[in-house]
Amino acid sequence: MNHGKSSDRSRGVSRRARALVAAGVGAGVLISSVAAATPALAATTPTVSCTSAKAGLADKLKRDITAALTNRRGTVAVGLYDRSTNTTCTLRPATAHDSASVVKVTVLATLLWDAKKHNRYLTDREVSLAKAMITKSDNAATSTLWRQLGLTKIKGFLAAAGMTQTKPGANGYWGLTQITVTDEQKLLKLITARNTVLSDNSRAYILKLMGQVISSQRWGTPYGVPSGVSVAVKNGWLQRATNGWRVHSVGAFKGGGHDYMITVLTHGNSTMSYGVTTIQGVAKVIHRDLAAS
């Protein structure tokens, strides 16, 4: 699935951001160059940040996610939120990624949000397109719904959802929508708990379709999920001329005393399978640590 010419935009933004951070550190710290260099280094190699209401869990997750990513090439961004223990972990939460097919959850949410605004049910045609888009990652169905909705409605949903870091792809290139861990986690939170943006029926419908994804596309964040825990997943994969493969996975999980969501976004992968392996290494330790807590 290739949705446009290669672009270094996301890489360029992060490089500028790093330069600004480094410049700010240099200007503000007039002590030894070693002390000044340390925060600049931290800015270019972000570390996993975790907080939790459960004693010891944040430290364990931070250590295990970091270990899972040791020696993995490419750029990886991670988000975890568990309602049950009020646990949050993030890594590069604001780094922009080409969405690939992960944006399909946003397309479905927009469709349902707009239908609710107009007090109508989805048509049989929309139901068929939505099912193909989520369960089989059907690109033609997605393009049809993207065109039907149009950028005004898509941007309207993003505003209502508070997904301020998400930038819809131009000229119909929905797979080049810019997404971040922060916004994907916001979307997963909306799908998994009552709110004023999506109706309970809409949320249940999205979770149902994400729970029916075909077996060949159920890799990624569900890897290592304990038995008895429900799984809702959507993955994305896209190869481009720069930064190699983009491989992403978003998932919502409930059971075993936990109610949590995981987003892992990656680019700079040499192959699709390399990205999948990176994501699954992170998912495995998250599921394990939460199950043990």
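Our subject is the structure that appears above.
Cut-off values and rules
- Residues numbered from 1 in each chain as written.
- Predicted model: local features only at pLDDT ≥ 70, side-chain atom pairs only at ≥ 80, totals over all residues.
- Heavy atoms only, no water.
- Disulfide = S-S within 2.5 Å.
- Helix = DSSP H or I, 4+ residues; strand = E, 2+ residues; numbered from the N terminus.
- Buried < 20%, exposed > 50% of the residue type's maximum accessible area, 1.4 Å probe, protein only.
- Pairing = 2+ DSSP bridges.
- Axes fitted to C-alpha atoms, helices over the stretch in contact; angles between N-to-C directions.
- Parallel < 35°, antiparallel > 145°, perpendicular 65-115°, else oblique.
- Left-handed = near helix turned anticlockwise from the far one by under 90°.
- Contact = heavy atoms within 4.5 Å.
- Nonpolar A, V, L, I, M, F, W, Y, C, P; charged D, E, K, R; others polar.
- Salt bridge = Lys/Arg side-chain N within 4 Å of Asp/Glu carboxyl O.

Chemist: Please explain the state of the cysteines as it appears in this structure.
Modeler: Linking two cysteines covalently through their sulfur atoms gives a disulfide. Overall, the coordinates contain one disulfide when judged by the stated rule. Between the sulfur atoms of cysteine 50 and its disulfide mate cysteine 89 the distance is 2.1 Å. Disulfide cysteine 50-cysteine 89: torsion about the S-S bond near 115°, hence right-handed. One end of the pair, cysteine 50, is in strand S1 (residues 49-51); the other, cysteine 89, is in strand S3 (residues 87-91), with 39 residues separating them in the sequence. Assigned by exposure class, cysteine 50 and cysteine 89 land together as buried.

Chemist: Explain the pairing of strand S8 (residues 258-269) to me, please; I cannot follow it from the model alone.
Modeler: Looking down a regular strand, the side chains alternate between one sheet face and the other. In terms of residue burial, S8 counts as a mostly covered element, since 11 of its 12 residues are buried. As paired elements, strand S2 (residues 75-82) and S8 share eight bridges and run antiparallel to each other. Each residue of the ladder has a partner; that of valine 78, found in S8, is valine 264. As defined by bridge partners, strand S7 (residues 245-255) adjoins S8 across 10 bridges and the pair is classed as antiparallel. Residue valine 250 lies in a different strand from S8, and its bridge partner there is threonine 263. The turn joining S7 and S8, which pair antiparallel and follow one another in sequence, is formed by two residues; a positive phi near 60° is taken by glycine 256.

Chemist: What's the story with the packing of helix H4 (residues 103-117) against helix H7 (residues 181-192) in this structure? I'm lost.
Modeler: Between H4 and H7, the shortest axis-to-axis distance is 11 Å and the interhelical angle comes to 45°. Relative to H7, H4 is oriented oblique. Note on packing geometry: the crossing formed by H4 with H7 is left-handed. In this structure, H4 uses Val105, Thr106 and Ala109 to contact H7, whose residues at the interface are Glu184, Leu187 and Ile191.

Chemist: What should I look at first to understand the packing of H7 against helix H8 (residues 200-210) in this one?
Modeler: Angle between the axes and distance between the axes: these two values describe a pair of packed helices. For the pair H7 and H8, interaxial distance at closest approach is 8 Å and the crossing angle is 110°. Accordingly, the angle class assigned to the pair H7 and H8 is roughly perpendicular. Facing Leu188, Leu190, Ile191 and Thr192 of H7, the residues of H8 in contact are Arg203, Ile206, Leu207 and Met210. Tallied by class, residues from the contact of H7 with H8 come to six nonpolar, one polar and one charged.

Chemist: So what exactly am I meant to see when it comes to the pattern of salt bridges here?
Modeler: Pairing between side chains becomes possible if they bear opposite charge and their charged atoms approach one another. Throughout the structure, instances matching the rule amount to 11 salt bridges. In this structure, the salt-bridge partner of glutamate 126 is arginine 120, at a minimum N-O distance of 2.9 Å. Arginine 120 gets classed as partly exposed once you look at its relative accessible area, which sits at 32%. The shortest N-O distance in the salt bridge between arginine 194 and aspartate 200 comes to 2.9 Å. Residue classification places arginine 194 among the exposed residues on the basis of a relative accessible area of 69%. Three or more residues joined by partner-sharing salt bridges are found here, namely Lys60, Asp64, Arg288 and Asp289.

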